[in-house]
Amino acid sequence: MSEDDYKTEKKKQAASLNSIDFDARSLAELPSPMLQWIDQNGFDIVFVCSNDGMIQYISTSITRLLGYLPDEVLGTSSLTYLDSCDVPILKNRFKSVVEWPQRFHFTALDNRGKHIWMEASISLIEEEDASYYVGVAKDVSDKKEIEEMMFRSEKMSVAGQLAAGIAHEIRNPLTSLKGFLQLIQAGISRKEEYYKIMVDEIEKIETITSELLFISKPVAENKEPETIHEMLQDVITLLYSQARLQNVQISFEKGANSRLLCDRSQIKQLFINLIKNALEEMPNGGKIDIRQREEGSDCIVDVVDEGPGIPDEVLAKLKEPFFTTKKEGTGLGLMICTQILEKHHGALDILRNDTKGSTFRVSMPITPI
Ligand SMILES: Nc1ncnc2c1ncn2[C@@H]1O[C@H](COP(=O)(O)OP(=O)(O)OP(=O)(O)O)[C@@H](O)[C@H]1O
Ligand SMILES: [Mg+2]
């Protein structure tokens, strides 16, 4: 449609709306030209699916947002338009829902295969002979772009903050390497034994530097099946030097090794932020317990610290961007954690410990095999 045609069409629509005399109290009572206007001009996609996910109704806004015509979508499965990574997780989540409406994020595929980040709110409407899902979905790509920018800057800031501890961790193996090289230069025997120790020391340096590079590298989101133990172990390795400098012990209690469909780099960043916060609350030493277990269809990880705990007035503000009580903090850490969990259909709960400190509880859906 040309711009002139479009303007004429809009004028016609407006004129027909003005001529309607009505006294409607609900959407169902609105005269049909008005319903049509809402359908054609809404920014959100409104849809109705049968309980097996087949699309029964979809507003014409789908053409503007995803490029499909309503007719080509009607009668097809709603799952066809989702990124394949989201399908098993959402299917599983819908099975156990008790409270409606449900709000969640997902990635839709437009008619050219491009990924569009969307937010939806869905309700289950139960009638005598059938039940339906009714929902609205909107494009939140702009919001996501801003989040990505914050995400990248937080990544770099975390890498910078960890660098001091890591430099320290690398200095020890370097000192011993230098010592062995000097011994070999001096013509010492038992060289083979020293070579083995030297290789071990170099491997230590390799592990820690590659972890640092991994977390600071800006990578596109890439969800793959991963196991929780390995990701947590990598994070503990990375933060070990900082913990040792502060005389903090990190313990790791493992439950069943849950499989998660996730972006490895993001999940690591989530736990780095939580453990780093715990460390920052314990400048004079103590203990951080990482307790992982499976509960129903969720993998739960508790990060338990022995810090001062969180006062009630602070609790409500914790997940807000830029809220910080630290001189050097950006106040983005927990907000990033919440976003990462949103993308992974998980949640973050903050609990007060009975004795001292707090527990940051992460729950994420286990990927069904
Ligand atoms: N384990 C914890 N115990 C007590 N307070 C905490 C804990 N974790 C976070 N907080 C509080 O929440 C605030 C926000 O944390 P967040 O991680 O979002 O930002 P930050 O740590 O201040 O800065 P950044 O993470 O960007 O370096 C912190 O400033 C602190 O007051
Ligand atoms: Mg923090």
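Residues numbered from 1 in each chain as written. Chains lettered and ligands numbered in written order. Predicted model: local features only at pLDDT ≥ 70, side-chain atom pairs only at ≥ 80, totals over all residues.

## Remarks on the domain arrangement of the protein
And then number 1: We note that the domain assignment places domain 1 (42–139) and domain 2 (144–365) within the protein.
And then number 2: On a C-alpha basis, the centres of domain 1 and domain 2 stand 36 Å from each other.
And then number 3: Broken down by secondary-structure element, the contributors of at least two residues to the side of domain 1 that touches domain 2 are α5 (86–95) and β3 (102–109).
And then number 4: In terms of residue count, α5 provides more of the side of domain 1 that touches domain 2 than any other element does, three residues in total.
And then number 5: Residues belonging to the side of domain 1 that touches domain 2 are distributed by class as follows: four nonpolar, three polar and one charged. (Domains from an automatic or database assignment. Helix = DSSP H or I, 4+ residues; strand = E, 2+ residues; numbered from the N terminus. Nonpolar A, V, L, I, M, F, W, Y, C, P; charged D, E, K, R; others polar.)

## Notes on the environment of C85
And then number 1: Tracing the chain through its elements places C85 in the loop between α4 (70–73) and α5.
And then number 2: Here C85 is in contact with K223 and L261, once residues within four sequence places are set aside. (Contact = placed C-beta atoms within 7 Å.)

## Brief notes about the pairing of strand β4 (residues 115–126)
Two faces belong to every sheet, and in a regular strand the side chains alternate between them.
And then number 1: Relative to β4, β3 runs antiparallel, the two sharing eight bridges. Note on β4: the bridge partner recorded for A108 is I116.
And then number 2: In this antiparallel pair of consecutive strands, β3 and β4, the connection spans five residues, and G113 shows a positive phi of 85°.
And then number 3: The pairing of β4 with strand β5 (residues 131–139) spans nine bridges and is antiparallel. If you follow A120 over to β5, its bridge partner there is A137.
And then number 4: Where β4 folds back on β5, the antiparallel hairpin that results is connected by four residues. (Pairing = 2+ DSSP bridges.)

## Section: unusual backbone geometry
And then number 1: Following W100, the chain continues into P101 via a peptide bond in cis, with omega recorded as -5°.
And then number 2: When you line up the elements, P101 lands in the loop between α5 and β3.
And then number 3: Phi is positive for N247, close to 65°, though the residue is something other than glycine.
And then number 4: Inspection of the secondary structure assignment puts N247 in the loop between α8 (228–245) and β7 (248–253).
And then number 5: Under the C-beta neighbour-count criterion, N247 is labelled exposed, with 11 such atoms within 10 Å. (Buried ≥ 20, exposed ≤ 12 C-beta atoms within 10 Å, placed from the backbone.)

## Some details on the site of ligand 1
And then number 1: Around ligand 1, the structure places 21 residues, and the nearest of them are N277, T324, T325, G329 and G333.
And then number 2: Across the shell around ligand 1, the residue classes break down as eight nonpolar, ten polar and three charged. (Near = placed C-beta within 6 Å.)

## A look at the nonpolar core
And then number 1: The biggest cluster of nonpolar side chains holds 56 residues, and the ones touching the most others in it are F271, L274, I275 and V303.
And then number 2: Looking at this core element by element, the count peaks at eight residues for helix α9 (residues 264–280).
And then number 3: Two domains each donate at least three residues to this core, and these are domain 1 (42–139) and domain 2 (144–365).
And then number 4: Setting aside anything within four residues of it in sequence, one finds F271 in contact with L232 and V235. (Core = buried A, V, L, I, M, F, W, Y, C linked by C-beta atoms within 7 Å.)

## Considerations on the sheet that holds strand β2 (residues 55–58)
And then number 1: Pairing is antiparallel in the open sheet, where five strands are placed in the order β2-β1-β5-β4-β3. Of all the strands in the sheet, the pair left with one neighbour each is β2 and β3. The average undirected angle you get between the axes of adjacent strands in this sheet is 30°. (Axes fitted to C-alpha atoms, helices over the stretch in contact; angles between N-to-C directions.)

## So, the sheet that holds strand β9 (residues 286–295)
And then number 1: Within the open sheet, the five strands sit side by side as β7-β9-β10-β12-β11. Their pairing is mixed. Edge positions in the sheet fall to β7 and β11 (347–352), since each of these pairs with one other strand and no more. Here the strands of the sheet are splayed against their neighbours by 15° on average, with no regard to which way each runs.
And then number 2: Note that β11 and strand β12 (residues 358–365) share six bridges and pair antiparallel. By the bridge assignment, D349 is partnered in β12 with R361.
And then number 3: Sitting on the sheet, α8 touches β7, β9 and β10 (298–304), and the angle it makes with β7 is about 170°.

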